[in-house]
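Tertiary structure, described
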Amino acid sequence: MLWQCRHHSFDFSDGRTRIMGVLNVTPDSFSDGGRFLEPRAAVDHAIAMAEAGAEIVDVGGESSRPGAAAVPQEEELRRVMPVLRECARELGARVALSIDTTKAEVARQALDAGAVIVNDISAGRFEPALLSVAARTGAGFVLMHMQGTPRTMQASPRYADVLGDVTAFLRERWVAARTAGIADEQVVIDPGIGFGKTLEHNLELLARLDEFAALGRPVLVGTSRKSFIGQLLDRDVDHRLAGTLASVAWCAAHGANIVRVHDVQESAQVLRVIDELRRKATT
Ligand code: 8Y4
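Summarised in this report is the structure supplied together with it. Quantities reported herein were computed from a predicted structural model and do not represent experimental measurements. (Residues numbered from 1 in each chain as written. Predicted model: local features only at pLDDT ≥ 70, side-chain atom pairs only at ≥ 80, totals over all residues. Heavy atoms only, no water.)

1. A look at helix α8 (residues 241-253)
Taking 1.5 Å of rise per residue, 13 residues should cover 18 Å, and α8 covers 18 Å from first to last C-alpha, within 8% of that figure. Three or more residues of α8 are buried, namely G243, T244, L245, S247, V248, A249, C251 and A252. Among the structural elements, α6 (199-207), β9 (220-221), α7 (227-233), β10 (258-261) and α9 (264-281) are those in contact with the buried residues of α8. Remark: G255 follows α8 within two positions and exhibits a positive phi of approximately 100 degrees. (Helix = DSSP H or I, 4+ residues; strand = E, 2+ residues; numbered from the N terminus. Expected span 1.5 Å × (residues − 1). Buried < 20%, exposed > 50% of the residue type's maximum accessible area, 1.4 Å probe, protein only. Contact = heavy atoms within 4.5 Å.)

2. Digging into the packing of aromatic side chains
In total, this model carries two aromatic pairs according to the counting rule given. Three or more aromatic residues joined by ring pairs make a cluster, and in this case those are W3, F10 and F12. A cation sits over an aromatic face here: R178 above W174, 5.2 Å from the ring centre. (Phe/Tyr/Trp six-rings, centres within 6.5 Å; stacked < 30°, edge-to-face > 60°. Lys NZ or Arg CZ within 6 Å of the ring centre and 35° of its normal.)

3. So, the site of the ligand
Not every one of the 16 residues close to the ligand is listed here, only the nearest: N119, D190, K226, V237 and R260. A distance of 2.8 Å separates a nitrogen atom of the ligand from a polar side-chain atom of N119. R260 has a polar side-chain atom sitting 3.3 Å from an oxygen atom of the ligand. Its free accessible area being 520 Å², the ligand has 91% of it covered by the protein chains. (Near = heavy atom within 4 Å. Polar contact = N/O pair within 3.5 Å; in protein donor to acceptor, adjacent residues only side chain to side chain. Areas by Shrake-Rupley, 256 points an atom, 1.4 Å probe, with all protein chains shown as cover.)

Laid out in structure tokens, this is it:
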């Protein structure tokens, strides 16, 4: 199975699980202690993630945490563009750069600076023009499920049938992407862990993760440090590494092709073990 991201392509037929490292460029990360973002610190972190085994670095300037306020486009561009330009210069050949945005203009400028993947948590619902940008450039496109919007999604998540509702949404957004000109080979799908889901919804999606393969595209999953782990372990966000690694192992063993994580070095070790066991079990 191939994933086409402009000039970059991923071949998942070797069964290895790829790592997408998270690079948050928001004022609560990589600031000088004040309000100013330090692009150098963010780029250094991207380099460290690449050296630890990340094949994708996902750069985001708008917090997608539940209840988070929207960030104006100009501010989002001020945050991500210096980091993307420098990452492209220093890392461009070694990793695929991904832009985590729901805004068409941010995606356009990011791709112009060297990004090859658009990770839009709204799946093109917030700004349909973003789909045309991905189509025109041939960028990889992550199609993720979210019920509602980041501001409202955790109010009272409800499903008739979680697996059925999430896959129906993904099929619907995939048709919208295709209609805008995005080729199927550009698409990966993502159940959107934590985006408008209760603990039980998240557990059900992960327990049945292998069923997403039936959609016929590579599967990306983001569980890293998320609140379902906090709920299970009664641990705050800075103390969820063991729970995160357990979920990474589970996802890799049950069909994920890409995991989106903060802790790249630790996840890479888990994946080396799991991928080797899977290879042994399936040959
Ligand atoms: C602590 C740290 C607690 C982070 C919560 C969080 C996904 C994603 C996010 C995902 C894809 C997050 C941008 C939420 N999650 N993109 N983005 N899939 N494709 N929360 O699961 O990390 S941000």
